[in-house]
Amino acid sequence: QVQLVESGGGTVQTGGSLRLSCAASGRTFNRYAMGWFRQAPGKERDFIAAINADGDSTTYTHSVKGRFTISRDNAKNTLSLQLNSLKPEDTAVYHCAGTLRIGVWTVDRAYDYWGQGTQVTVSP
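This is a predicted model, so every value here is computed, not measured. (Residues numbered from 1 in each chain as written. Predicted model: local features only at pLDDT ≥ 70, side-chain atom pairs only at ≥ 80, totals over all residues. Heavy atoms only, no water.)

Once that is clear, we can look at the side chain of Ser-80. Here Ser-80 is to be found in strand S8 (residues 78-83). Filtering out sequence-adjacent residues up to four positions away, Ser-80 remains in contact with Arg-19, Leu-20, Ser-21, Trp-36, Thr-69, Ile-70 and Ser-71. (Helix = DSSP H or I, 4+ residues; strand = E, 2+ residues; numbered from the N terminus. Contact = heavy atoms within 4.5 Å.)

In structure tokens form, the structure reads like this:
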């Protein structure tokens, strides 16, 4: 089992950047495929990006390609999401998630472990 804690959210202006982190407990982080999701008020939770356990395969939803970058440091038990060129429509609570399934996963039902989320607000 892994516990996940996000950090790094905040309020930025349009065009700004943030770097989100997800700290994982335990010594088996390198076995987990990881993902980032976000949920805006009144909307469903949406997939953003995913990375496999080794960190050599990633995938992104179309709306963030070229702006967001997912990465991981298995030695530090940390997952990251670099957010650049932020837009007001990126405003949401961002969650990291983990699964022992092999590969990269874009659907939330594939993930068994979730963090509490960190708020990202982008002002016009």
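Moving on: the side chain of Arg-38. Here Arg-38 shows up in strand S4 (residues 33-39). Of note is the side chain of Arg-38, whose polar atom sits 2.9 Å from the side chain of Tyr-94. Once residues within four sequence positions are removed from consideration, Arg-38 is found in contact with Glu-44, Arg-45, Asp-46, Ile-48, Ser-63, Val-64, Phe-68, Glu-89, Asp-90, Ala-92, Val-93 and Tyr-94. (Polar contact = N/O pair within 3.5 Å; in protein donor to acceptor, adjacent residues only side chain to side chain.)

The next point concerns the pattern of salt bridges. Within the structure shown, the criterion is met by 4 salt bridges. Across the salt bridge formed by Arg-38 and Asp-90, the nearest N and O atoms sit 2.9 Å from each other. With Arg-38 in strand S4 and Asp-90 in the loop between S8 and strand S9 (92-99), this pair connects stretches of sequence that are 52 residues apart. Judged by relative accessible area, which is 12%, Arg-38 ranks as buried. Here Arg-45 ties to Asp-108 by a salt bridge, and the two come within 3.4 Å at their closest N and O atoms. Placement of the pair is Arg-45 in strand S5 (residues 45-51) and Asp-108 in the loop between S9 and strand S10 (113-114), with a sequence separation of 63 residues. Relative accessible area serves as the criterion here: at 32%, Arg-45 is assigned to the partly exposed category. Since its relative accessible area comes to 28%, Asp-108 is described here as partly exposed. Members of the salt-bridge network, linked through shared partners, are Arg-38, Arg-67 and Asp-90. (Salt bridge = Lys/Arg side-chain N within 4 Å of Asp/Glu carboxyl O. Buried < 20%, exposed > 50% of the residue type's maximum accessible area, 1.4 Å probe, protein only.)

This part covers the nonpolar core. Trp-36, Leu-79, Leu-81 and Tyr-94 are the most contacted members of the largest nonpolar core, which has 27 residues in total. For this core, the secondary structure elements donating two or more residues are strand S3 (18-24), S4, S5, strand S7 (68-73), S8, S9 and strand S11 (118-123). Judged by nonpolar contacts, the second largest core, of 6 residues, contains Phe-37, Ala-50, Ala-97 and Ala-110. (Core = buried A, V, L, I, M, F, W, Y, C linked by side-chain atoms within 4.5 Å.)

Right, let's talk about the sheet that holds strand S1 (residues 4-7) for a bit. Taken together, the 4 strands give an open sheet; going across it, the order is S1-S3-S8-S7, and neighbouring strands pair in antiparallel fashion. Among the strands making up the open sheet, the edge pair consists of S1 and S7. The sheet shows a mean angle of 15° between the axes of neighbouring strands, taken without regard to direction. Of the strand pairs in this sheet, S1 and S3 are connected by 4 bridges, and their pairing is antiparallel. Within S3, the residue paired with Leu-4 across the bridge is Ala-24. (Pairing = 2+ DSSP bridges. Axes fitted to C-alpha atoms, helices over the stretch in contact; angles between N-to-C directions.)

Under the counting rule described, the total for this entry stands at 5 aromatic pairs. On the basis of an interplanar angle of 75° and a centroid distance of 5.8 Å, the ring pair of Tyr-32 and Tyr-113 is categorised as edge-to-face. Of this pair, Tyr-32 sits in the loop between S3 and S4 while Tyr-113 sits in strand S10, and the two are 81 residues apart along the sequence. Judged by centre distance (5.0 Å) and plane angle (55°), the rings of Phe-37 and Trp-114 are tilted. Taken together, the residues Phe-37 in strand S4 and Trp-114 in strand S10 connect sequence positions 77 residues apart. Taking relative accessible area as the criterion, Phe-37 reaches 1% and is therefore assigned buried. An aromatic cluster of at least three residues, connected via ring pairs, comprises Phe-37, Phe-47, Tyr-111 and Trp-114. Sitting over the face of the ring of Trp-114, Arg-45 holds its NZ or CZ atom 3.8 Å from the ring centroid. The ring of Phe-29 has Arg-72 lying over it, and the distance from NZ or CZ to the ring centre is 4.4 Å. (Phe/Tyr/Trp six-rings, centres within 6.5 Å; stacked < 30°, edge-to-face > 60°. Lys NZ or Arg CZ within 6 Å of the ring centre and 35° of its normal.)

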